[in-house]
Amino acid sequence: MNKAVEYIENIQNIIESIKTQQADNIEKCAEAFAKTLSSSHRIHLFGTGHSHMLAEELFYRAGGLVNINPILEEGLMLHSSAWQSTKMERLEGYADIIYDFYGLKAGDLIVIISNSGRNGVCIDLAKLCREKGLTVVVLTNMKHTMSGASRHSSDKRLYEFGDIVLDNMGCVGDASMEIESLSRKVAPTSTVAGAMILNAVEARTVQLLAGEGTMPEVFSSSNVDGGDEINDAYCKKYVGEIRAL
């Protein structure tokens, strides 16, 4: 089979698995999002390496919730040095700096995204946020996380600190396609699946808030008439509070 077609079919199978096996967790997550926003608290998103893209996925998007704070720590992203990011995401103690610098507070909610769920920064941050009174949502790959040992001194994995755990239903190692004569697989699935899960949560959150009579703050596209005016008003309201604005 053509590997492009096979990959697409694999993604379709993963989506169906998420639809049937993660529906309850998606609902719980949406309810937690709605509760957080209706009580005037904030939703934070954090991931290292490629997972940081999912922290950006819900931020400043057309049709996306406004009160979203992506934690975009450059040393843990890829554009400065991918090699350095890989080393730094394993450091314990870094999470204390992140917590203070990005203004996390009790009553807020944080989504921590890690496909492997085994590295120090994410585990430290989840543990710290639980202790500080935040709701912790973990987006991970349970098949992968259970396949190897934790790299954290506690010997625990990220999901063990989650109030709600969302499974992206991927395979061990994330890359999913076998190519004849190649010793390793290609074509990862965690970004596609993770983005779908988070946007599903967001859509349900807005539905829940609207059903309660609460008008949720939602960005417009900047590329439709009137969009700039809508978005500028929200940016002026939250500038200084949401660092990435």
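K.L.:
Would you mind going over the overall build of the chain with me for this structure?
P.N.:
Each helix and strand counted, the chain has nine helices and seven strands in total. Computed over the C-alpha atoms, the radius of gyration of the chain is 18 Å, within 12% of the 18 Å expected from 2.2 N^0.38 for a compact globule of 245 residues. The dimensions of the chain, computed from C-alpha atoms along their principal axes, are 55 × 40 × 35 Å. Looking at the chain alone, contacts between residues at least 24 apart form 75% of all its contacts between residues at least 6 apart. Averaged over its 23 positive side-chain charges, the chain has a centre that lies 5 Å from the centre of its 32 negative ones.

K.L.:
For this particular structure, what's the right way to read the pairing of strand β1 (residues 43-47)?
P.N.:
Working note: regular strand, side chains alternate between the two faces of the sheet. Of all the five residues making up β1, five are buried; the element is thus mostly covered by neighbouring parts of the structure. Residues I43, L45 and G47 line one face of β1 and the alternating positions H44 and F46 line the opposite face, and both faces are buried. Across four bridges, the pairing between β1 and strand β2 (residues 68-71) is parallel. The residue bridging H44 from the neighbouring strand is N69, located in β2. Once you follow β1 into helix α3 (residues 52-57) and on to β2, the crossover reads as right-handed. As paired strands, β1 and strand β3 (residues 109-113) are joined by five bridges and run parallel to one another.

K.L.:
Explanation requested: the sheet that holds strand β4 (residues 135-140) in the structure shown.
P.N.:
Hydrogen bonding along the main chain pairs the strands of a sheet, whether they run parallel or antiparallel. Pairing is parallel across the open sheet formed by five strands, whose spatial order is β2-β1-β3-β4-β5. Edge positions in the sheet fall to β2 and β5 (164-167), since each has one partner strand and no second. Geometrically, the sheet is characterised by an average inter-axis angle of 20° between neighbouring strands, direction not taken into account. With five bridges joining them, β3 and β4 adopt parallel strand pairing. Residue pairing for β4: I112 is matched across the bridge by V138. Contacts between helix α2 (residues 23-38) and the sheet are confined to β1, β3, β4 and β5, with β5 contributing the most and set at about 130° to the helix. Sitting on the sheet, helix α6 (residues 120-132) is in contact with β1, β3 and β4, with an inclination near 160° to β3.

Basis of the calculations
- Residues numbered from 1 in each chain as written.
- Predicted model: local features only at pLDDT ≥ 70, side-chain atom pairs only at ≥ 80, totals over all residues.
- Heavy atoms only, no water.
- Helix = DSSP H or I, 4+ residues; strand = E, 2+ residues; numbered from the N terminus.
- Rg over C-alpha atoms; globule rule 2.2 N^0.38 Å.
- Contact = heavy atoms within 4.5 Å.
- Lys, Arg positive; Asp, Glu negative; His and termini not counted.
- Charge placed at Lys NZ, Arg CZ, Asp CG, Glu CD.
- Buried < 20%, exposed > 50% of the residue type's maximum accessible area, 1.4 Å probe, protein only.
- Pairing = 2+ DSSP bridges.
- Right-handed = clockwise from strand over helix to strand, strands pointing away.
- Axes fitted to C-alpha atoms, helices over the stretch in contact; angles between N-to-C directions.

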